[in-house]
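Here is how the chains run, residue by residue.
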Amino acid sequence: MQKCGSAGWRLAFTWHYLESVKGELKVGYRDWEEFKEISQKSPENMICLLTGNVHHIQRYDKNGAPLPTNYLYPPVTEQELKAWGEYCKYLAEETKGVVNIFEVWNEWDLPYTNLERLGAKEYVALLKTANEAIKSVNPDAIVVGLGGAGTGTDGSFDRGVIAEGGMEYSDSCIITDE
């Protein structure tokens, strides 16, 4: 990575891939052990914690019928957030010494990463859960909130996260402007 002038990398370690079998979290990258060894020389590596998981999240229509499963439904219930926290904790443990920066979700305020168009309150609950899980195993980790929020929007989501107390659970933030 240094040969190409990179100080580190950013990868999305999506929950639906890391837990393709319910209850079994596993980094599935083919050369993960070799990648970890190379990455220890790059202190600025970042993981984007992203997506829901069809094993833990099910949505229903107004008549109570299940909607088609989709990994872009974010965790919102207490049970879903608990499972999300386990995913975050697992990644923080698995990548300790290789990754110290964790971005929580990416572009939450856009429909292609948040199908239900949930707001700041739900995002702050997700951010809080991730922060507590990550810091429980890596207290020095940097938790990044907002994750590029604001792209193509009026900024109301960013302001909502701040108003809901989200920055209490974020060591840094990413705000994208057009």
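Residues numbered from 1 in each chain as written. Predicted model: local features only at pLDDT ≥ 70, side-chain atom pairs only at ≥ 80, totals over all residues. Heavy atoms only, no water.

Some words on the pattern of salt bridges
Link 1 in the chain: Enumeration according to the criterion identifies four salt bridges in this entry.
Link 2 in the chain: Across the pair R59 and E116 runs a salt bridge whose closest N-O atoms are separated by 2.8 Å. Note that R59 is positioned in the loop between β2 (46-50) and α3 (78-94) and E116 in the loop between β3 (101-104) and α4 (120-137), a separation of 57 residues in sequence.
Link 3 in the chain: Relative accessible area serves as the criterion here: at 9%, R59 is assigned to the buried category.
Link 4 in the chain: On the basis of relative accessible area, E116 is assigned to the partly exposed category, the value being 30%.
Link 5 in the chain: One salt-bridge network, held together by shared partners, links R59, E80 and E116. (Salt bridge = Lys/Arg side-chain N within 4 Å of Asp/Glu carboxyl O. Helix = DSSP H or I, 4+ residues; strand = E, 2+ residues; numbered from the N terminus. Buried < 20%, exposed > 50% of the residue type's maximum accessible area, 1.4 Å probe, protein only.)

What to know about the packing of aromatic side chains
Link 1 in the chain: Applying the stated criterion to the full structure yields seven aromatic pairs.
Link 2 in the chain: Ring centres of W84 and W105 lie 5.7 Å apart, and the angle between their planes is 50°; this geometry places the pair in the tilted category. Of this pair, W84 sits in helix α3 while W105 sits in the loop between β3 and α4; the two residues are 21 residues apart in sequence, bridging distant segments of the chain. As far as the burial class goes, W84 and W105 line up, both buried.
Link 3 in the chain: With a centroid separation of 5.5 Å and an interplanar angle of 75°, the aromatic rings of Y123 and F157 are classed as edge-to-face. Taken as a pair, Y123 in helix α4 and F157 in helix α5 (residues 156-163) lie far apart in primary sequence, 34 residues in all. Of the two residues, Y123 and F157, neither departs from the other in class, the shared state being buried.
Link 4 in the chain: Each residue in the set W15, W84, Y87, W105, W108, Y123 and F157 is aromatic and connected to the rest through ring pairs, giving one cluster. (Phe/Tyr/Trp six-rings, centres within 6.5 Å; stacked < 30°, edge-to-face > 60°.)

Structural notes on the environment of Y87
Link 1 in the chain: Mapped onto the elements of the fold, Y87 is located in helix α3.
Link 2 in the chain: Of the residues examined, Y87 reaches a relative accessible area of 0% and is grouped as buried.
Link 3 in the chain: Between the C-alpha atoms of Y87 and K26, which are 61 residues apart in sequence, the distance is 9.6 Å.
Link 4 in the chain: Residues in contact with Y87, not counting those within four places in the same chain, are F13, T14, W15, L18, L25, C48, L49 and L50.
Link 5 in the chain: Separated by 3.1 Å, the side chain of Y87 and the backbone nitrogen of L50 make a polar contact. (Contact = heavy atoms within 4.5 Å. Polar contact = N/O pair within 3.5 Å; in protein donor to acceptor, adjacent residues only side chain to side chain.)

Structural notes on the packing of α4 against α5
Link 1 in the chain: Two elements in contact, α4 and α5, have axes separated by 8 Å at closest approach and are oriented at 55°. On the basis of their axis angle, the class for α4 and α5 is oblique. Between α4 and α5 lies a crossing of right-handed hand. For the pair α4 and α5, the contacting residues are A120, Y123 and V124 in the first and F157, G160 and V161 in the second.
Link 2 in the chain: Tallied by class, residues from the contact of α4 with α5 come to five nonpolar, one polar and no charged. (Axes fitted to C-alpha atoms, helices over the stretch in contact; angles between N-to-C directions. Parallel < 35°, antiparallel > 145°, perpendicular 65-115°, else oblique. Left-handed = near helix turned anticlockwise from the far one by under 90°. Nonpolar A, V, L, I, M, F, W, Y, C, P; charged D, E, K, R; others polar.)

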